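Chain residues, written in single-letter form:
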Amino acid sequence: METKPKYLYKNSKRLDGRNLDDYRKMKIKMDVVPNAQGSAEVIFGKTKVTAAVHGPRVMHPRRLALPDKALLRAKYDMFSFSVEDRKRPGPGRREIEISKVTAEAFRSVVFLEKFPRTVIDLFVSVTQADASTRITGINAASLALAAAGIPMRSLVVGVTFGKIYDEKGVGHVAIDVDKPEDQWGMADVAYARAPATGDVVLLQMDGDMTKEEFDKGKKMADKAIDVVYKAQIKALKDKFEVSK
Ligand code: ADP
């Protein structure tokens, strides 16, 4: 959207017709990259992200290997056709940052100590971007790691939340922000948890929110996370039951 809209929320509806606590239509597809040890595609509305896992495999060059655990690396990128405006090819600061926070979100969750001197490579590629791509990628990465059979303390599940304005300029907290809400909204938060351990593994905020707004958004996101968590478990059960 080129010009700032007069409102992102009016008559109790967001621009795409959602309520404040609605997430976009979510879909999960497993095994989308047959050559990888594990892979999955996760879709939230028009945001589509594929994650693929290679490893654990012997680390080359060997001097980069960790003696007591696996090194978990993540590489996030957006295909040039994933956005409407022209995207600069290659990794910029944003891609480097998202790769770093993605790897960090999984380092406390994966039993890295079971695979010393190896590397686990996590690739996260955005095929279509309509905001919340890092969190969609985290959900896909969680599924790809589990599908690869890599032991984890918990799956990782995320949902974004943000603050959007009505025609009077009053802010309202909403979950799963899309592109206009990310671009023009008053704040947005990327939030991911490991439900089985209770840990928050990713939390990043742009913009301003009061503590009350933050708590409200987090509560709404937590409810959606419970649903996405169940969907992740179902996708994995279906996969392993089919391939029995
Ligand atoms: P996230 O995708 O995790 O919300 P950002 O807040 O950095 O991360 O990006 C928000 C959205 O802005 C992206 O999902 C994408 O739709 C858009 N975007 C980001 N970088 C670019 C880019 N280089 N060109 C065009 N659109 C972009």
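Residues numbered from 1 in each chain as written. Predicted model: local features only at pLDDT ≥ 70, side-chain atom pairs only at ≥ 80, totals over all residues. Heavy atoms only, no water.

## Some remarks on unusual backbone geometry
Rules: Runs of H or I in DSSP of at least four residues are treated as helices and runs of E of at least two as strands, each being numbered from the N terminus. Accessibility here uses a 1.4 Å probe with only protein chains present; expressed as a share of the type maximum, an area under 20% marks a residue as buried, one over 50% as exposed, and anything in between as partly exposed.
Note the cis peptide between Gly 55 and Pro 56, where omega equals 0°. Within the secondary structure layout, Pro 56 lies in strand β5 (residues 47–58). A cis amide bond links His 60 to the next residue, Pro 61, at an omega of -5°. Of note, Pro 61 is situated in the loop between β5 and β6 (71–78). We note that Ser 132 has phi near 60°; this positive angle belongs to a residue other than glycine. Secondary-structure assignment places Ser 132 in the loop between β7 (118–128) and α2 (133–147). On the basis of relative accessible area, Ser 132 is assigned to the buried category, the value being 10%.

## Description of the site of the ligand
Selection criterion: Being near a molecule or strand, for a residue, comes down to having at least one heavy atom within 4 Å of it. Pairing of N or O atoms within 3.5 Å defines a polar contact, subject to two protein rules: one partner must be a possible hydrogen donor and the other a possible acceptor, and residues neighboring in sequence count only if both atoms are side-chain atoms. Ten residue types, Ala, Val, Leu, Ile, Met, Phe, Trp, Tyr, Cys and Pro, are classed as nonpolar, four, Asp, Glu, Lys and Arg, as charged, and the remainder, Gly among them, as polar.
Taken together, the neighbourhood of the ligand is formed by 13 residues, with Arg 94, Ala 131, Ser 132, Thr 133 and Arg 134 sitting nearest. Within the backbone of Ser 132, a nitrogen or oxygen atom sits 2.9 Å from an oxygen atom of the ligand. At the level of secondary structure, the elements contributing two or more residues to the shell around the ligand comprise α2 and α3 (179–184). A class-by-class count of the residues in the shell around the ligand yields four nonpolar, two polar and seven charged.

## Quick notes on the sheet that holds strand β4 (residues 38–44)
Basically, it comes down to this: Note on pairing: two strands pair once DSSP finds at least 2 bridges between them. For helices, the axis comes from a line fit to the C-alpha atoms of the stretch in contact; other axes are also lines fit to C-alpha atoms, and the angle between any two N-to-C directions lies between 0 and 180 degrees. Two residues form a contact once any of their heavy atoms are found within 4.5 Å.
Spatially, five strands are ordered β3-β4-β5-β7-β6 in an open sheet, and the strand pairing comes out mixed. Across the chains shown, the open sheet's two edge strands, defined by having one partner strand only, are β3 (26–30) and β6. For this sheet, the mean angle separating the axes of adjacent strands, direction not counted, is 15°. Relative to β5, β4 runs antiparallel, the two being bridged by seven bridges. Pairing of Ser 39 across the sheet is with Ala 52, part of β5. Contacts between helix α1 (residues 93–107) and the sheet are confined to β6 and β7, with β6 contributing the most and set at about 140° to the helix. Contacting β3, β4, β5, β6 and β7, α2 runs over the sheet at an angle of about 150° to β4.

## Observations concerning the side chain of Asp 178
Inspection of the secondary structure puts Asp 178 in the loop between β10 (171–175) and α3. Accessibility expressed as a relative area gives 7% for Asp 178, which makes it buried.

## With respect to the pairing of β6
Alternating residues of β6 divide into Leu 72, Ala 74, Tyr 76 and Met 78, all buried, and Leu 71, Arg 73, Lys 75 and Asp 77, none buried. Strand direction decides the pairing type here: β6 and β7, joined by eight bridges, are parallel. Each residue of the ladder has a partner; that of Leu 72, found in β7, is Ile 120.

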